[in-house]
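# Examination of the molecular architecture
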Amino acid sequence: GIGPVGARRMEDIGVNTFGDLARVDRHILRGRFGSWGERIADLALGHDVRRVTPDVRAHQISHERTFGRNLRDADAIRFEVLTLADAVSRRLRKRSAHTRQLTLKIRNGDFKTVTRSTTFSTPTSRGDLIGDGARELIDRWIAGRFEPVRLVGVSAKVCTETVIQQGLFEEV
């Protein structure tokens, strides 16, 4: 941000928005604010030479599917949820990530959204476990308050705890 003093100085020359700033002659900004004036003139026009370093660590991995019409078939909804759960587990494995928390998102035809979550006892990226968790969540929702669906989504909160590989013949 430009801070309270900078904001007052901008207001003094009629600048209240980025659009206002972009319309001010850069020579006026240079004269009033020095090199900082040129810098903000460039930024207002979308010119920024700084390197972008994205935070590549995802905190959540999710997939959603929106339907063009309300989906009324419980089996079709279950199929979509399991397809999304499989896609989430594949992305977890691709990133060598794991999850302990799985969330199901359901939006009905009136655009009311409900979520249901489950927590695994240990971190996992296994497709069968994530699929079982998603199936359990959607089956409970279908049994309890089924209504036509406009959107379904499955998300996995990425674990930060260390995962220890179990031995092949150890009890789990």
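Let me sum up the structure you'll find in this document. These numbers come from a predicted model, not from an experiment.

For helix α6 (residues 127–145), spanning 19 residues, the distance from its first C-alpha to its last is 27 Å, which sits close to the expected 27 Å at 1.5 Å a residue. Inspection of α6 places Ile-130, Gly-131, Gly-133, Ala-134, Leu-137, Ile-138, Trp-141 and Ile-142 among the buried residues, and these make up the whole buried set. End-on, the buried residues of α6 take up no more than an arc of 165 degrees, which puts them together on one face. In α6, the exposed positions angled more than 90 degrees off the buried face are occupied by Ala-143 and Gly-144. Close packing links the buried residues of α6 with α5 (74–94), β2 (99–108), β3 (113–124) and β4 (149–158).

Here we come to the packing of aromatic side chains. Under the counting rule described, the total for this entry stands at two aromatic pairs. When the ring of Trp-141 is compared with that of Phe-146, the centres are 5.8 Å apart and the planes differ by 65 degrees; the resulting orientation is edge-to-face.

Let us look at unusual backbone geometry. The backbone of Ser-96 shows a phi angle near 55 degrees, a positive value even though the residue is not glycine. The residue Ser-96 is located in the loop between α5 and β2 in this model. Using a relative accessible area of 63% as the deciding quantity, one classes Ser-96 as exposed. Phi is positive for Phe-111, which is not a glycine, with a value near 65 degrees. Along the chain, Phe-111 falls in the loop between β2 and β3. Overall, the relative accessible area of 54% leaves Phe-111 in the exposed class.

Below, the discussion takes up the side chain of Thr-103. By the secondary structure assignment, Thr-103 is in strand β2. Assessed through its relative accessible area of 17%, Thr-103 is described here as buried. At 2.9 Å, the side chain of Thr-103 forms a polar contact with the side chain of Ser-117. When near neighbours in sequence (up to four residues on either side) are disregarded, Thr-103 contacts Thr-115, Arg-116, Ser-117, Gly-153, Val-154 and Ser-155.

Formed by 26 residues in total, the largest nonpolar core has its most connected members in Val-81, Leu-92, Ile-138 and Val-154. Listing elements by their share of this core, those giving two or more residues are β1 (60–71), α5, β2, β3, α6 and β4. Dropping the residues within four chain positions of it, Ile-138 is found in contact with Ile-77, Arg-78, Val-81, Leu-104 and Ile-106. Met-10, Leu-21, Phe-33 and Ala-41 belong to the second largest nonpolar core, which has nine residues in total.

Pairing of β2 with β3 involves eight bridges; the strand directions are antiparallel. In the sheet register, Ile-106 faces β3, and the bridge partner there is Val-114. Here β2 folds back onto β3, and the loop between the two strands holds four residues, one of which, Phe-111, carries a positive phi near 65 degrees. In the sheet, β2 pairs with β4 via nine bridges, with the strands oriented antiparallel. From the neighbouring strand, Leu-102 faces β4, where its bridge partner is Ala-156.

Mapped onto the secondary structure, Val-152 falls in strand β4. Residues Val-152 and His-59, spaced 93 residues apart in sequence, show a C-alpha to C-alpha distance of 20 Å. In this view, Val-152 contacts His-63, Glu-64, Arg-65, Phe-67, Ile-77, Glu-80, Val-81, Leu-84 and Lys-105; residues no more than four positions away in its chain are not counted.

Attention shifts here to the side chain of Thr-118. Structurally, Thr-118 is set in strand β3. Overall, the relative accessible area of 17% leaves Thr-118 in the buried class. If we skip the residues at most four places from it in the chain, Thr-118 touches Arg-100, Gln-101, Leu-102, Gly-133 and Leu-137.

Conventions adopted
- Chains are numbered independently. Their residues run from 1 in the order of the written sequence.
- Confidence filtering applies because this is a predicted model: local features only for residues at pLDDT of at least 70, side-chain atom pairs given and counted only at 80 or more, and all residues used for totals across whole chains, interfaces and linings.
- Side-chain figures throughout are based on the complete set of non-hydrogen atoms in the structure, without hydrogens or water.
- Helix and strand definitions follow DSSP, with helices as H or I runs of at least four residues and strands as E runs of at least two, each counted in order from the N terminus.
- Here a helix's expected span is defined as the number of its residues, less one, multiplied by 1.5 Å.
- Relative accessibility decides the category of a residue: with a 1.4 Å probe and only protein chains considered, values under 20% of the type maximum give buried, values over 50% give exposed, and everything between is partly exposed.
- Think of it as the arc spanned by the lines of direction from the helix axis to the C-beta atoms.
- Two residues qualify as a contact provided that any one of their heavy atoms is within 4.5 Å of a heavy atom in the partner residue.
- Only Phe, Tyr and Trp rings take part, Trp by its six-membered ring, and two of them pair if their centres are within 6.5 Å. Stacked means planes under 30 degrees apart, edge-to-face means over 60, and tilted covers everything else.
- Any N or O atom pair separated by 3.5 Å or less is treated as a polar contact, with the protein-specific requirement of one donor-capable and one acceptor-capable atom, and with residues adjacent in sequence counted only for side-chain atom pairs.
- By nonpolar core we mean a set of buried residues, namely Ala, Val, Leu, Ile, Met, Phe, Trp, Tyr and Cys, connected to one another through side-chain atoms within 4.5 Å.
- At least two bridges found by DSSP between two strands is the condition for calling them paired.

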